[in-house]
Structures are given as structure tokens and as C-alpha cells.
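One letter stands for each residue in the lines below.
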Amino acid sequence: MSAARIVQAVAQREAIPLSPRVHWVGALDPGLRSFDIILKTANGTSYNAYVVRGSHGVAVVDTVKREFSADFFARLEQVAEYDEIKAIVLNHLEPDHTGALPELMERAPNAQLYISNKAQMMLKALLKRENLAFTTVDTGDRIDLGDRSLRFLHTPYLHWPDTQCAYLAEEQILFSGDVFGCHFCDARLFNDFTGDFRFSFEYYYAHIMRPFRDFVVRALDLIEPLPLGLIAPAHGPILRDRPSDYVKRYRELASPRLKREIHPGEKTLLVFYISSYGNTARMAEAIHSAAQEISGVRASLYDLEGGDTETFADLLEEADAIVLGSPTINGDAVKPIWDLLSSLTVIDMKGKLGAAFGSYGWSGEAVRMIEDRLRGLKLRVPLQGVRVKLIPTPEEILQCHAFGRALGEELMGRREARVIDMSDLLTSQYSA
Amino acid sequence: MAKATITFEDINVTVTVPAGTRVIEISEKVGSGITYGCREGDCGTCMMKVSEGWNNLTEPSVLEDKILRENYAGKHNRLACQAQVLGGSVSVRPA
Ligand SMILES: [Fe+2]
Ligand SMILES: [Fe+2]
């Protein structure tokens, strides 16, 4: 089909062939500008759904957002009868892909649902129905459609716990769900016809997939060995021209951004601070220099006033420990600190060492607030942060030194074992 | 009240607690990497590995068992928001 013919067919609610046996039955949403509240798109998105026909039955892979059900059913009806549908594969249960599901289940009573193990609770929450029949599948499980078959890959957390991919070996097609997708709406559908969507592809990865980098790597380990003739993602262009390039790009994006600068056995500790009168800065310097004295620690010091928080993301992704210093102004930590903390939501920070400190005028809530946020981001925060009223005294600078040393030792696993009573936690809140 | 101890191996801290304490109540305050999501045994975020004292924890409920299975938990794994310490000593770390 030519690009012009595809545009016409899409407008007339036709199903678009990927091959004689595989059709696109999705929907275009050109008006969308922000997705899931947090994500922007300059020209809308698409909800891609597919139909696979085998000699012994038909499978539907994913559906569309509910408002677009009419498009989906109109296309579907052109390539399959409802009672031929034997399988409904849900690669991801987010509402943009399951909006038409309840209706499809009613129209196709013979269809069995195939979901990942982790999708069970979500499916129940989504359909609000008891006694649901479904089959949970894992890597290697197959649906047999006669001369076609779908094989599942368990690829969780891309970007929900439930996500999975399905591979049609006979045609070398990977139905990848949100993976390799992007919010880019173009009625020409195929990547050799559409406009330039590289920016959208990168943006989608950075916001949706990057927080789950370890899971991306595990998924790529499963995907890379497959012969790939075409990738059929759940959003954006269908990747039939050089599909492996997109897999390669994911591999690059999931690899460490910065060349490793430190030696094996060393660990990095980053101190970020912002200071209005130089007091928090003096604390930062003391903590930094003390941590640096612990062998194996590579400590760095950054004044947030001199940097754009976004540029620190790559650094933070590779760091082993982050220590944040903020004054308390109007009972709160200051904006550059919150900006830095909010940039961490797109990075995997789980299990890294976190800590906070700061000088304050009369109340000093900032340090505890930062610590709470760090815990929320799933860092471990075993040391109670140092707070100093206004100008640090020589003793308080010594306290900062002790804090820096303790952080360094904690990071290197050299802090001695401590035994405390639960009541200590209630008073001090931490184990320091 | 009967006493028990929980050791958080990732930060090398042992806490003495009254019997019946849920692991998550302590792990959060002490700053261990065993962190929480929903606290209701639903999301699996607080999965931990029990290296010692498995039998000193309450038995997993039907719900917890199900969540552990759905998350492909190993046989030494429990949810910190569900497991309570009965007595003796228990050693845990993030899974
Ligand atoms: Fe999604
Ligand atoms: Fe999606």
C-alpha cells in the first residue's frame, strides 16, 4: 500500500495490513497534547491494536482507549468475525490499551484472555468483576493458532508491573506494547512513511522507560536474540524499516551515560547544596572533605546555584550516594532542591544511600522533609541529617565532619554493627 | 512484653522490638533499603529477603502468598508490611 492509500484507508476506518495475516486495527488521537498528565506530545498519539489470523483462529493483540472504541471495532470487523476470536492478548492493562476490552469481551464470547502473572490484580480492578476467566502466561508460553502462534516474553515494569511482549515467530513480528513506542500520530502509520519521530521516541524512553533501566536491560536480553522483521508497538509508528535499529537504540539508552571514571572498588558520593548566607555551604564543604577521607570514596561537591538540575540526571543515575544540603526558608527546603528531587523520579534510585543537612534560622524543617522524600524514592537513609542553627560553630563543623565520615563508612560498608532499641527510633527517628 | 530483634543487613543495624512488630514499621524509621509502597500487601514494593529466623515471623497470609507468587518471589522472600516478628531474632535485607 502506498502512503497516500494508507492515509485514505485509515480515514475510512479500514484495517491496515502489516502482512496478509496481520492487521492494524488501532486508532489515531491527533488532538492529544498531554498524556497521563506528566507527558507532553507535540502532535497527539496513536493506540495501536492488532489482529493475527491463524488457520485455527484469530488473536487480537491489545485494544484502544475507550473513546476510540468505534474506530477499533469498525476496523476489527473487516478482518474477523467475533466468534472466530480465540484469544485476546493484553500486553499492558493501562486504560489507553484496555478501554475497549469490556465491550470486546462481550462481543467475542469465545475469546480467552492472556495476561502476565502480575496483571491479575489489575485486571480485576479494571473490570470490577468476580469469576473472571483468564490465562496467565510467562516467557516461553504459546498460543497456538494453527499455522501461526504467539509466544510470550515476560518483560515486567516497562513501564508497569504487568507489561509483556508477544512474538509471532512465523512472521518475525514483535508485539511490544509500550516498549519501542512513542506518542506520535501520523496516519501513514509505518516508519518508512511517517514524519521524523526520533524526538518523540527518545522523549518517550526518557520519561517512561528510563526509571526502569534494569528491567529494560532484562527485556532486551530476551528480545535481542529474536529475528525481527517488524516491531508493532502500542503507540506511534509501526517499525518495519530496520526494526533492529530501535532495539539497538534502547540498548544504548539503557547503558550507563557517562564513561566510568572511577576505579573498581571505589564508590561515588555526590554532595549537592544551596546556600543563602554561606552557612549550608560551609557544612557541605566539611561533609564533603570528611567523606573524601574514607578510602574508596570518590566524593564530589556541587552548588546547585551553578547548575541546571536536569544536567545532573546522568550523574545521579551512576552515583552510589547522594547528600543534599538546603537551608529552611518559610518552613520548607528551597526550590532547586525540590527540582533536583523531582528529576530523580525518572531515574532508578532504589537502594542508593541518601542523606540531608542544612542550616536554618528558627525552624529547620527542610532536612527532615528531604529525608522523607529520599525514602519515598526508595533510597536508604540510615543516618539522621545534621541541622545547624544559623552560623555553624567550630563544634558543629566537627559534627559535620563526623557526619561525612559516617556516610563514607556507611557507603563502603565499614560502619560497625549497631544495636538499638525501638524506643530510640521513636525519639530520634533514625539509627544515627 | 516479649522481646525480639530484627537485623537489617543492608545498614548493619539490629533493633530490639516487642513481639508482634511489623518489619516495615522499623525498616522505614531505621533507614533500611526495605521501603514501602502501599503498606497493604498489594504492591509488592516492600519485598525482603529473610536470611535468618524465617520461623520467627508470622506465617504469610493467603493474600501475601498470592502477591509473592505474582512477583516471582524466591522461597526466602516475604513482604515487610505483612510479616510480624514473633520472638527470637530475624535477619533481613531488601530483596
Ligand atoms: Fe502504559
Ligand atoms: Fe500506553
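Quick notes on the rules
Residues numbered from 1 in each chain as written. Chains lettered and ligands numbered in written order. Predicted model: local features only at pLDDT ≥ 70, side-chain atom pairs only at ≥ 80, totals over all residues. Heavy atoms only, no water. Phe/Tyr/Trp six-rings, centres within 6.5 Å; stacked < 30°, edge-to-face > 60°. Helix = DSSP H or I, 4+ residues; strand = E, 2+ residues; numbered from the N terminus. Buried < 20%, exposed > 50% of the residue type's maximum accessible area, 1.4 Å probe, protein only. Contact = heavy atoms within 4.5 Å. Buried area = accessible area lost by both parts, 1.4 Å probe. Salt bridge = Lys/Arg side-chain N within 4 Å of Asp/Glu carboxyl O. Pairing = 2+ DSSP bridges. Axes fitted to C-alpha atoms, helices over the stretch in contact; angles between N-to-C directions. Core = buried A, V, L, I, M, F, W, Y, C linked by side-chain atoms within 4.5 Å. pLDDT = per-residue confidence, 0-100. Donors = N, O, S within 2.8 Å, 3.2 Å for Na, K, Ca; no water. Tetrahedral: all angles 85-135°; square planar, octahedral: opposite > 155°, others 65-115°.

J.: Whenever I open this one, the packing of aromatic side chains confuses me. Can you help?
T.: In this description, a pair of aromatic rings is defined by centroid distance and the angle of the planes. Residues and elements named next belong to chain A. Within the structure shown, the criterion is met by 17 aromatic pairs over all chains. With centroids separated by 6.0 Å and ring planes inclined at 15°, the aromatic side chains of F197 and Y246 adopt a geometry described as stacked. Here F197 is found in the loop between strand 15 (173–177) and helix 6 (198–209), whereas its partner Y246 is found in helix 8 (residues 243–254), with 49 residues between them in sequence. The burial state of F197 is the same as that of Y246; both residues are buried. By the ring-pair criterion, three or more aromatic residues cluster together here, those being F180, F184, F197, F201, Y205, Y246 and Y250.

J.: Looking at this structure, I do not really get the interface of chain B and chain A. What am I missing?
T.: Interface size, as often reported, equals the accessible area lost upon joining of the parts. Taken residue by residue, the interface counts 28 residues in chain B and 29 residues in chain A. Contact between chain B and chain A buries roughly 2,400 Å² in total, counting both sides, with carbon and sulfur atoms accounting for 53%. Ranking the residues of chain B by area buried against chain A places K29, E70 and Y72 of chain B at the top, with a combined share of 26%. For the pair chain B and chain A, the interface holds one salt bridge.

J.: Explanation requested: the sheet that holds strand 2 (residues 13–18) of chain B in the structure shown.
T.: Strands pair in a sheet through their backbones, by hydrogen bonds, and they do so in one of two ways: parallel or antiparallel. Pairing within the open sheet is mixed, and its six strands lie in the order 22(A)-2(B)-1(B)-5(B)-3(B)-4(B). Each of the sheet's edge strands pairs with one partner strand only, and the pair in question is strand 22 (418–421) of chain A together with strand 4 (77–79) of chain B. When strand polarity is set aside, the average angle formed by the axes of neighbouring strands in this sheet is 35°. Here helix 1 (residues 23–30) of chain B sits on the sheet in contact with strand 22 of chain A together with strand 1 (3–8), strand 2, strand 3 (47–52) and strand 5 (88–94) of chain B, set at roughly 50° to strand 1 of chain B.

J.: Just to check I follow, could you spell out the environment of A100 of chain A for this structure?
T.: Residues and elements named next belong to chain A. Tracing the sequence through the fold places A100 in the loop between helix 3 (95–98) and helix 4 (101–107). For the pair A100 and F72, spaced 28 residues apart in the sequence, the C-alpha separation amounts to 8.0 Å. Those residues in contact with A100 that lie beyond four places of it in its chain are T63, V64, R66, S69, F72 and F73.

J.: So what exactly am I meant to see when it comes to the nonpolar core here?
T.: When a protein is soluble and globular, its nonpolar side chains tend to lie buried together. Residue and element names in this part refer to chain A. Judged by nonpolar contacts, the single largest core of 62 residues is most densely connected at F72, L76, L104 and F180. Excluding residues that lie within four positions of it along the chain, F180 makes contacts with L174, F201, L220, I223, I231, P233, L239, Y246, V247 and Y250. Counting residues in hydrophobic clusters, the runner-up holds 30 residues, among them I6, L18, A59 and V61.

J.: In this structure, what is going on with the side chain of N48 of chain A? I would like to understand it.
T.: Residue and element names in this part refer to chain A. Examined against the element boundaries, N48 turns out to sit in the loop between strand 6 (45–47) and strand 7 (50–54). Residue classification places N48 among the buried positions, given a relative accessible area of 1%. Residues within four places of N48 in sequence aside, it is in contact with W24, G26, D62, T63, P233, A234, H235 and G236.

J.: Hey, could you run me through the confidence of the model for chain B in this one?
T.: Interpreting fine coordinate detail is not advised for predicted regions of low pLDDT. Summary statistics for chain B give a mean pLDDT of 88 and a share of 94% for residues scoring 70 or more. Interface predicted TM-score (ipTM) for the complex: 0.82; the corresponding pTM is 0.82.

J.: Looking at this model, I keep getting lost on the sheet that holds strand 21 (residues 386–389) of chain A. Mind explaining?
T.: Residue and element names in this part refer to chain A. Across the sheet, five strands lie side by side as 18-17-19-20-21; this open sheet has parallel pairing. Lying at the two open borders of the sheet, with one neighbouring strand each, are strand 18 (297–303) and strand 21. Within this sheet the neighbouring strands show an average axis-to-axis angle of 15°, counted without direction. Inspection of the sheet shows strand 19 (residues 321–325) paired to strand 20 (residues 353–360) by five bridges, in the parallel sense. Within strand 20, the residue paired with I322 across the bridge is G354. This element, helix 12 (residues 366–376), spans strand 19, strand 20 and strand 21 of the sheet and lies at about 165° to strand 20.

J.: Sorry, what's going on with the coordination of the iron ion (ligand 2) here?
T.: Under perfect tetrahedral coordination by four donors, a metal shows angles of 109.5 degrees; under perfect octahedral coordination by six donors, it shows angles of 90 or 180 degrees. All names here are of chain A. For the iron ion (ligand 2), every protein donor is listed as D96 (OD), H97 (NE2), D178 (OD) and H235 (NE2), and the spread of their distances is 2.1 to 2.4 Å. Coordination at the iron ion (ligand 2) is irregular: its four donor atoms span angles of 80 to 160° at the metal. Ordering the donors of the iron ion (ligand 2) by residue number gives the pattern D-H-x80-D-x56-H. Exposure remark for D178: the relative accessible area of 2% places this residue in the buried category.

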